[in-house]
Amino acid sequence: DQQVKQNSPSLSVQEGRISILNCDYTNSMFDYFLWYKKYPAEGPTFLISISSIKDKNEDGRFTVFLNKSAKHLSLHIVPSQPGDSAVYFCAARYFGNEKLTFGTGTRLTIIP
Amino acid sequence: DAGVTQSPTHLIKTRGQQVTLRCSPKSGHDTVSWYQQALGQGPQFIFQYYEEEERQRGNFPDRFSGHQFPNYSSELNVNALLLGDSALYLCASSLILGGEQFFGPGTRLTVL
């Protein structure tokens, strides 16, 4: 049962443009969502998070949007840079539970 | 400040053997979680250790066991290895009761 889904295995975006990565979830108990970035031969690195009491969180070039009614979140990267090329994982957890449930990841490629 | 470290980097075993993977948490962290990432999948939660006890467990068989030492480092043991146990094993550390999970680079286990 895949509770966190990333339906796009890959995405290619021109340098300088906006990258939009999407994530859907099915478990209504999830109340905290995170995005991780992973380079080859490295562990996932935390990027940005959002609590279910918010619908937007911004950190520099990265913005995460949460639509609770649709059980959908998205990560926007503006402007996209070559160093953003990596696999991006969406993850979720709920209060009192530190277990992270991950999606299958989206490989983002930024084209110079 | 050293981040999360894992050893070994790579490991090759045959079916039926046993394996032990090691993890040292980030300085100041007291909680260690283990994840299995199969090829093309997101990390799957195995279990979490705090105060030398297993605090939470994911949907993994008893062949997967662990230990946490007084210095907060941890081991993951897998008995009776199956071909399907081939994966990247990630260790993550955090402060208990929330906070970001910091991941190590992982141990790549191949079972032949």
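Before reading further, recall that the structure is shown in the block above.
First things first, this report covers the structure right here in the doc. Since this is a predicted model, take the numbers as computed values, not measurements.

Calculation criteria
- Residues numbered from 1 in each chain as written.
- Chains lettered and ligands numbered in written order.
- Predicted model: local features only at pLDDT ≥ 70, side-chain atom pairs only at ≥ 80, totals over all residues.
- Heavy atoms only, no water.
- Helix = DSSP H or I, 4+ residues; strand = E, 2+ residues; numbered from the N terminus.
- Rg over C-alpha atoms; globule rule 2.2 N^0.38 Å.
- Buried < 20%, exposed > 50% of the residue type's maximum accessible area, 1.4 Å probe, protein only.
- Contact = heavy atoms within 4.5 Å.
- Areas by Shrake-Rupley, 256 points an atom, 1.4 Å probe, with all protein chains shown as cover.
- Lys, Arg positive; Asp, Glu negative; His and termini not counted.
- Charge placed at Lys NZ, Arg CZ, Asp CG, Glu CD.
- Pairing = 2+ DSSP bridges.
- Axes fitted to C-alpha atoms, helices over the stretch in contact; angles between N-to-C directions.
- Core = buried A, V, L, I, M, F, W, Y, C linked by side-chain atoms within 4.5 Å.
- Disulfide = S-S within 2.5 Å.
- Phe/Tyr/Trp six-rings, centres within 6.5 Å; stacked < 30°, edge-to-face > 60°.

Examining the overall build of chain A
Logical step 1: If you tally the helices and strands in chain A, you get zero helices and eleven strands.
Logical step 2: In chain A, the succession of helices and strands from N to C terminus is β-β-β-β-β-β-β-β-β-β-β.
Logical step 3: Taking 13 Å as the expected radius of gyration for a compact globule of 112 residues, we find that chain A reaches 13 Å, a close match to that expectation.
Logical step 4: The C-alpha extent of chain A, read off along each of the three principal axes, is 40 × 30 × 20 Å.
Logical step 5: Looking at chain A residue by residue over its 112 residues, the buried ones come to 46%.
Logical step 6: Taking contacts inside chain A between residues at least 6 apart in sequence as the whole, the part at least 24 apart equals 54%.
Logical step 7: Roughly 5,500 Å² of accessible area belongs to chain A as shown, and the carbon and sulfur atoms make up 51% of that amount.
Logical step 8: Each charge sign in chain A was given a centre, from 12 positive and 10 negative side chains, and these centres are 3 Å apart.

So, the sheet that holds strand S8 (residues 74-78) of chain B
The strands making up a sheet associate through backbone hydrogen bonding, with each pair oriented either parallel or antiparallel.
Residues and elements named next belong to chain B.
Logical step 1: Pairing within the open sheet is antiparallel, and its four strands lie in the order S1-S3-S8-S7. Sheet topology places strand S1 (5-7) and strand S7 (64-68) at the edges, where each strand pairs with a single neighbour. The mean inter-strand angle of the sheet, taken between neighbouring strand axes irrespective of direction, is 20°.
Logical step 2: Note that S7 and S8 share five bridges and pair antiparallel. Note on S8: the bridge partner recorded for Ser65 is Asn77.

Here's the deal with the nonpolar core
Logical step 1: Counting 23 residues, the largest nonpolar core has A:Phe33, A:Trp35, A:Leu73, A:Leu75 and A:Tyr88 as its most contacted members.
Logical step 2: When contributions to this core are tallied by element, the ones reaching two or more residues are strand S3 (19-25), strand S4 (32-38), strand S5 (45-51), strand S7 (62-67), strand S8 (72-77), strand S9 (86-93) and strand S11 (106-111) of chain A.
Logical step 3: It is S9(A) that contributes the most residues to this core, four residues altogether.
Logical step 4: When sequence neighbours within four positions are dropped, the list of residues in contact with A:Leu73 reads A:Leu21, A:Asn22, A:Cys23, A:Tyr25, A:Phe33, A:Trp35, A:Val64, A:Phe65, A:Leu66 and A:Cys90.
Logical step 5: Ranked by size, the runner-up nonpolar core spans 20 residues in total, among them B:Val4, B:Cys23, B:Leu76 and B:Leu81.

Brief notes about the sheet that holds S8(A)
Residues and elements named next belong to chain A.
Logical step 1: A sheet is described by the order of its strands in space; here five strands give the open sequence S1-S3-S8-S7-S6, paired in antiparallel fashion. The open sheet has two edge strands with one neighbour each: strand S1 (4-5) and strand S6 (56-59).
Logical step 2: As judged from the two bridges shared by S1 and S3, these two strands associate in the antiparallel manner. Pairing of Val4 across the sheet is with Tyr25, part of S3.

Examining the state of the cysteines
Logical step 1: This model, assessed by the stated rule, comprises two disulfides over all chains.
Logical step 2: Covalent S-S linkage joins A:Cys23 and A:Cys90, the inter-sulfur distance amounting to 2.1 Å. With the S-S dihedral at roughly -70°, the linkage between A:Cys23 and A:Cys90 falls on the left-handed side. Here the residue A:Cys23 occupies a position in strand S3, and A:Cys90 occupies one in strand S9, the gap between them amounting to 67 residues. In this structure, A:Cys23 and A:Cys90 share a single accessibility class: buried.
Logical step 3: Put simply, B:Cys23 and B:Cys91 are joined by a disulfide, and their sulfur atoms are 1.8 Å apart. Handedness here is read from the sign of the S-S torsion; for B:Cys23 and B:Cys91, about -60°, the answer is left-handed. One end of the pair, B:Cys23, is in strand S3 (residues 19-24); the other, B:Cys91, is in strand S9 (residues 87-94), and 68 residues separate them in sequence. Of the two residues, B:Cys23 and B:Cys91, both sit in the buried class.

Points about the packing of aromatic side chains
Logical step 1: Tallied over the full model, the rule gives 14 aromatic pairs over all chains.
Logical step 2: Measuring from ring centre to ring centre gives 6.2 Å for A:Phe89 and A:Phe102, while their planes differ by 90°; the resulting arrangement is edge-to-face. A residue pair is termed long-range when its members are at least 10 positions apart, and A:Phe89 in strand S9 and A:Phe102 in strand S10 (residues 101-102) qualify at 13 residues.
Logical step 3: The exposure class assigned to A:Phe102 is buried, which follows from its relative accessible area of 4%.
Logical step 4: Members of the aromatic cluster, joined through ring pairs, are A:Tyr36, A:Phe46, A:Phe89, A:Phe102, B:Tyr35, B:Phe45 and B:Phe103.

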